[in-house]
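Chain and residue survey
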Amino acid sequence: MKALNIKLWRDLQRLWPQVLTMALVVAIGVAGFVGMFSVHQSLQSSRDGFYRDNRLADVFIHVKRAPTQWLDRLRMIEGVAQVQLTTTMDAPIALPDAQAPVTGRFVGLNLGRAHEQQQGLNAVSLRSGRWPEPGQALEALVSDRFAQAHQLRPGDKVNAILNGRLQSVHIVGTAISPEYVFASRGGMPDDKTFGIWWIDHERMAQTFDMQGAFNQASFRLHDSLQEPSVIAQIDALLDRYGTRGAMGRDKQMSARIVSDELSQLKVMGTVLPGIFLAVSIFILNGVITRQVATQRGQIAALKALGYTDRTIAGHYMALSLVITGLGLLAGLLLSQWIGQQMLALYGEVFRFKQLTYSTTPWLVAVAMAWTLAAAIAGTWGAVRTVVRLQPAEAMQAPATPRYRKTLLERSGVGRQVSTGMRMVIRNVEHRPWRSLFTVTGIALAVALQISGAFWMDAMDHIMEVQFQQVQRGDVVVQFQNAVSPSVVQDLQRMPGVIHAEANRTEAVRIHARGVSEEGALLGLHACARLLRPVDALQGPVPVPAQGLLMSDLLARQLAVRVGDRVEVAFLMGRQTRAQVEVVGVVHTLMGKQVFMSLDAMNRLSREGSAVTEASLRVDAALMPAFWSAVKQAPEIVAVFDKASEMASFQASTSRNMGIFSAILTLFAIAMAVAIVYNSARISLSERAWELASLRVLGMTRTEVSLLLLGQLGAELLLALPVGGIAGWALASLLMHLMASDNIDFPVVIAPSTYAWAALIVLAAGLVSALLVRRKIDQLDLVAVLKVRE
């Protein structure tokens with residue numbers, strides 16, 4: 001065995017460039033799998049611990065206003081272990097660093113049990129400062145992310161319009177809560193425009209006239225299996241008070257966003273590393289098979305000297321295991337760096353009490369099993385060849401390949417092709433499977449690059465549709481309660497307002513064929529210009545005078561088509577129900593939405609003419625005066641500033657997506673170099689005698705190089721369109737696996753993304769070709785031609 005170990009060491013030294021590239025591909029696959037899954041497990045463990053320690057509720061319900069006398073009835077529901085009643089209200093806040101008012105959600109906090117361990121459900125954890133104290137001053141804790149976004153510290157004071165009255169709020173500390181890991185009013189989380197403020201619950205009740213009442217209830221259950229029946233009983237008791245219905249933790253806004261993020265991370269940690277391991281199998285197969293072919297004489301000598309088939313096969317298997325072992329070791333080390341960098345990015349988004357990176361032993365065991373399977377799969381064909389090879393047969397040179405006219409030549413077109421090109425075509429036809437594998441591998445590198453870069457295209461498309469086509473106004477203002485449509489005249493008198501359009505948004509439940517889904521019903525004027533339904537595929541869609549338009553996302557979940565009638569149930573106000581015909585399906589990108597004429601919606605609700613928000617077009621030069629007027633308007637509870645929303649959205653997505661895309665680009669380059677370089681080296685070792693003979697016959701180094709690299713160039717060019725198609729398919733697969741109930745991410749890939757992916761892979765192929773070209777120039781003609789025939 002000592003002789004075989006020496007031979008193994010010499011083979012590794014001779015093949016070190018190929019060993020390095022193969023190990024790199026394996027390392028990237030292992031690093032991606034272990035790193036992403038370690039981040040997933042670290043986040044999941046931190047989330048579960050935070051939810052458990054701070055007692056995140058199992059069921060939530062928000063009502064318009066209900067008496068606290070219902071507490072005992074709610075506690076008596078079978079399956080309920082604990083009930084907590086709370087008051088929450090949204091209010092505009094004026095901050096020194098923000099020209100536009102931002103929205104704060106004020107939450108009542110029992111100061112008698114303010115300490116984390118003494119609180120009930122959804123306990124708040126103090127991050128800095130102290131707990132609020134009752135007294136003359138209105139003291140508050142601010143959500144940590146919001147405070148960081150606005151550089152707010154304990155001791156700062158801000159003004160807020162609470163129930164129509166301007167009040168000064170004293171910040172005494174920052175905090176986090178499992179209920180608001182992500183703080184959102186219903187759209188994308190944005191710490192610049194929305195934050196959570198915890199104040200004394202008694203002061204909260206006085207300020208918002210909620211004495212003896214609540215508008216939010218949280219429940220802890222004895223058993224999660226009882227959730228459906230508990231939700232049904234809660235809805236039956238509180239439905240009369242105006243509610244969107246009770247929901248489990250899986251549908252609670254913050255918890256759902258966290259779960260979606262973790263699910264997406266899990267998908268990325270499975271699909272992409274699998275591609276690298278598949279490519280490593282192909283490369284290993286090519287290299288080990290070529291080793292067996294070039295060492296036929298050595299194999300025969302070893303068998304003649306008494307080495308068994310199992311021993312010799314084990315030697316070549318050991319070569320494969322050393323390569324994959326090096327890749328495994330490097331991948332585990334690289335996974336630590338990748339995992340910690342990704343966790344740092346997520347740490348800026350997720351606010352848990354503790355966030356520590358760790359790699360579990362089972363992940364390492366799975367990675368080892370994967371690489372072992374790749375080594376066996378990549379070497380199995382070569383091992384079978386070793387076992388079947390007889391000593392007498394191995395002593396002879398391999399049979400000369402039998403070439404024949406190619407399909408191109410038989411068609412008569414071959415006369416128009418140069419001799420060198422015909423040689424390239426014949427070599428491709430002689431080894432079609434190898435060419436197919438090379439093309440497939442390079443195409444996967446292109447697809448990987450596209451799958452990393454298309455996210456920016458999808459985000460740009462979403463911004464174009466949502467902010468330029470759907471929301472064409474500059475500002476959206478939301479009112480505390482429904483108001484008369486005549487509010488438009490008041491808004492148009494505000495400084496800088498060029499045009500104003502009012503609309504109405506209500507929470508509804510849509511019933512169809514025994515299935516129900518919650519959504520938002522938007523009532524719009526037929527001539528609306530600033531807010532309108534837009535089909536992502538067909539453009540703007542007119543608002544029908546009768547019937548409703550339904551988002552494609554909601555229509556798919558309800559299995560509804562145009563012409564069907566559905567029941568629309570208003571969840572607030574008079575809670576009316578009516579049958580309405582679906583007159584159109586719109587491919588919207590965000591949310592479960594239904595569109596109707598404002599007049600038809602008001603008739604349907606039986607509450608008279610009312611609007612809940614307005615879209616405004618404002619003169620940019622007068623924007624400061626406009627914001628000053630908004631801050632003095634007590635009926636406006638929240639604002640949407642399109643410019644700041646776009647800037648915030650671009651800043652957050654560009655940074656995170658940019659880092660992700662850069663990592664995948666580097667991985668794609670490594671894959672392309674590994675495939676092209678190893679394919680070229682295998683071809684060079686197989687055709688060394690042929691190329692040397694052509695050099696002796698008078699061909700130049702450039703001409704000989706073109707014969708070898710021309711084949712690789714043809715395979716590279718053929719792989720580009722295949723890679724483009726594969727990139728689109730991979731992006732579609734990722735979008736399918738990462739689909740959300742509330743966001744319909746489009747598969748949008750810009751031509752520039754295809755072009756950059758092709759250029760990057762071409763550049764990687766060119767570098768690999770130049771490295772192999774040096775080997776061709778260094779061919780020892782005399783040594784190569786000393787081959788036994």
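Report follows, based on the coordinates.

Cut-offs applied
- Residues numbered from 1 in each chain as written.
- Predicted model: local features only at pLDDT ≥ 70, side-chain atom pairs only at ≥ 80, totals over all residues.
- Heavy atoms only, no water.
- Helix = DSSP H or I, 4+ residues; strand = E, 2+ residues; numbered from the N terminus.
- Buried < 20%, exposed > 50% of the residue type's maximum accessible area, 1.4 Å probe, protein only.
- Salt bridge = Lys/Arg side-chain N within 4 Å of Asp/Glu carboxyl O.
- Polar contact = N/O pair within 3.5 Å; in protein donor to acceptor, adjacent residues only side chain to side chain.
- Expected span 1.5 Å × (residues − 1).
- Bend = angle between axes of the 7 residues up to and from the residue.
- Pairing = 2+ DSSP bridges.
- Contact = heavy atoms within 4.5 Å.

**Some remarks on unusual backbone geometry**
- Positive phi is not limited to glycine here, since Arg55 has a value of about 60°.
- Here Arg55 is to be found in the loop between α2 (16-53) and β1 (59-67).
- You can call Arg55 partly exposed: its relative accessible area is 21%.
- Its identity as a non-glycine residue notwithstanding, Asn122 has a phi of 55°, on the positive side.
- Its location among the elements puts Asn122 in the loop between β4 (102-109) and β5 (125-129).
- Taking the relative accessible area as the measure of exposure, Asn122 reaches 6% and is therefore buried.

**Re the pattern of salt bridges**
- Overall, the coordinates contain 17 salt bridges when judged by the stated rule.
- In this structure, Glu518 engages Arg244 in a salt bridge whose closest nitrogen and oxygen atoms are separated by 4.0 Å. Of this pair, Glu518 sits in strand β14 (residues 515-524) while Arg244 sits in the loop between α6 (227-238) and β11 (247-248), placing them 274 residues apart in sequence.
- On the accessibility criterion, Glu518 (28% relative accessible area) is partly exposed.

**Thoughts on the environment of Thr576**
- Counting through the fold element by element, Thr576 comes out in the loop between β18 (565-570) and β19 (577-586).
- You can call Thr576 buried: its relative accessible area is 8%.
- Among the polar contacts listed, one links the side chain of Thr576 to the backbone oxygen of Leu604, at a separation of 3.1 Å.

**Some remarks on helix α21 (residues 701-737)**
- Between the first and last C-alpha of α21 there are 50 Å, a value that for 37 residues agrees with the 54 Å anticipated at 1.5 Å per step.
- Considering bend angle alone, the principal kink of α21 is centred on Leu709 and spans about 35°.

**Concerning the pairing of strand β3 (residues 88-94)**
- Counting buried positions over the seven residues of β3 gives six, a clear majority of the element.
- Note: β3 against β4, six bridges, orientation antiparallel. Counted as the bridge partner of Pro92 is Thr103 from β4.
- Where β3 meets strand β7 (residues 157-162), two bridges bridge the pair, whose relative direction is antiparallel. Counted as the bridge partner of Ile93 is Ala160 from β7.

**A few points about the side chain of Asp564**
- Within the fold, Asp564 resides in the loop between α16 (552-558) and β18.
- Reaching out from Asp564, the side chain makes a polar contact with the side chain of Arg513 at a distance of 3.0 Å.
- Non-local contacts of Asp564, meaning those with residues more than four positions away in its chain, are made with Arg513, Ala559, Val580, Glu581 and Val582.

Purely geometric stuff here, so don't read any function into it on its own.
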